[in-house]
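Observations on the three-dimensional arrangement
Each chain, written out:
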Amino acid sequence: MCRCINRLETLDSGEIVVDGLPQPVEGRALYRFRAEVGMVFQSFNLFAHKTVLDNVTLAPRRILGLAKGVAEQRALDLLERVGIAGKARAYPAELSGGQSQRVAIARALAMQPKVLLFDEPTSALDPEMTREVLAAMRELAQSGTTMLVVTHEMGFARECADRVVFMDIGTVVETATPETFFTNPSTARARQFLTSAY
């Protein structure tokens, strides 16, 4: 679903609407649309030969045309927000997995997206690093950032989600508020999943 929203995968049917506008199919409109949809992947996808600061400023400078000083100040503010301002001059090889994922979050936020997509952002992390990344995501949720998060972190989903969409083999099985989904799921498949998850 995340890959469909930013059109890395094409839809078989249906429509994607972000901020009231349908997803463009191609051309400049699609390019502009993608600039407004941030993506944080499972693997961090940082440029190994660039510093953390360079990783976060690259897209705002190249795509948005921000001046170097403006882009760097935005990047430093975002690195502070996700708790790793002290790593601005480090290279990805010098970071832990949790730090790398927080750089990826800052990089996505640097484009000031309308929506931020997370594709299992903690799946490759150990428990301590998972806590670090979820804390950064929790702060984003509390600040009102629109996020679509694919996750198996049920506690995080229950705490931070406005709506839970439960999918199985690419199909939406159930949509509900977190309270309803976690206390009284309406489908047998969701009940089975929750029993195994807890």
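Residue numbers here run from 1 along each chain, matching the order of that chain's written sequence. In keeping with the predicted nature of the model, local features appear solely for residues at pLDDT of at least 70, side-chain atom pairs appear and are counted solely at 80 or more, and the whole-chain, interface and lining totals rest on all residues. Computation of side-chain values: all heavy atoms of the structure, hydrogens and water removed.

**Considerations on the packing of aromatic side chains**
The criterion for an aromatic pair is that two Phe, Tyr or Trp rings (for Trp, the six-membered ring) have centres within 6.5 Å, with stacked assigned to planes under 30 degrees apart, edge-to-face to planes over 60 apart and tilted to the rest. Going through the model one piece at a time under the given rule, you end up with 3 aromatic pairs. When the centroid spacing of 5.8 Å and the interplanar angle of 35 degrees are considered together, the rings of Phe-166 and Phe-181 count as tilted. Here the residue Phe-166 occupies a position in strand S6 (residues 164-168), and Phe-181 occupies one in helix H8 (residues 178-183), the gap between them amounting to 15 residues. With a relative accessible area of 8%, Phe-166 lands in the buried category. When the ring of Phe-166 is compared with that of Phe-193, the centres are 5.1 Å apart and the planes differ by 40 degrees; the resulting orientation is tilted. Every helix listed is a DSSP run of H or I at least four residues long, and every strand listed is a run of E at least two residues long, numbered separately from the N terminus. Each residue's exposure class comes from its accessible area (1.4 Å probe, protein chains only) as a fraction of the maximum for that residue type: buried when under 20%, exposed when over 50%, partly exposed otherwise.

**Some remarks on the layout of surface pockets**
In this analysis a 1.4 Å probe is tested at points of a 1 Å grid over the protein atoms alone, and where it fits but cannot get out there is a cavity; an open set with protein on both sides within 12 Å along at least five of seven lines is a pocket; lining residues have an atom within 4 Å of a point. Grid points are joined across faces, edges and corners, and a volume is the space filled by probe spheres set on the points. Looking at the largest pocket, its volume works out to about 1,600 Å³. Listing elements by their share of the lining of the largest pocket, those giving two or more residues are helix H1 (2-5), strand S1 (17-18), strand S4 (115-119), strand S5 (147-150), helix H7 (154-160), S6, H8 and helix H9 (188-197). Among the elements that make up the lining of the largest pocket, the one with the highest residue count is S6 (5 residues). Taken together, the residues of the lining of the largest pocket break down into 27 nonpolar, 8 polar and 10 charged. Those elements that place two or more of their residues in the lining of the second largest pocket are helix H2 (27-35), strand S3 (37-40), helix H3 (52-62) and helix H5 (97-109). By the convention adopted, Pro, Cys, Tyr, Trp, Phe, Met, Ile, Leu, Val and Ala count as nonpolar, Lys, Arg, Asp and Glu as charged, and the other residues, Gly among them, as polar.

**Regarding the packing of H3 against H5**
Each axis is a line fitted through C-alpha atoms, and for a helix only the stretch in contact is used; angles between axes span 0 to 180 degrees, taken between their N-to-C directions. Remark: H3 packs on H5, axes separated minimally by 8 Å, with the N-to-C direction vectors making an angle of 25 degrees. Relative to H5, the element H3 lies roughly parallel. As H3 packs across H5, the resulting crossing turns out to be right-handed. In contact with Val-52, Asn-55 and Val-56 of H3, H5 contributes Val-103, Ala-106 and Arg-107. Classifying every residue of the contact of H3 with H5 gives 4 nonpolar, 1 polar and 1 charged. Angular relationships are summarised with four words: roughly parallel below 35 degrees, roughly antiparallel beyond 145, roughly perpendicular across 65 to 115, and oblique for the angles in between. Crossing handedness: left-handed means the near helix sits turned counterclockwise from the far one by under a right angle, and right-handed means the same turn made clockwise. When checking whether two residues touch, look at their non-hydrogen atoms; a contact exists if any pair is within 4.5 Å.

**Digging into the pairing of S4**
Counting buried residues along S4, 5 of its 5 residues qualify, which places the element largely inside the surrounding structure. Covered by surrounding structure in S4 are Val-115, Leu-117 and Asp-119 together with Leu-116 and Phe-118, the residues of both alternating faces. One requirement defines pairing of two strands: DSSP has to find at least two bridges between them. Sheet topology note: the S3/S4 ladder contains 4 bridges and is parallel. Considered in S4, the bridge of Val-40 is made with Phe-118. Here S4 runs beside S5; their pairing, made up of 4 bridges, is parallel.

Any link to function would need more than the numbers given here.
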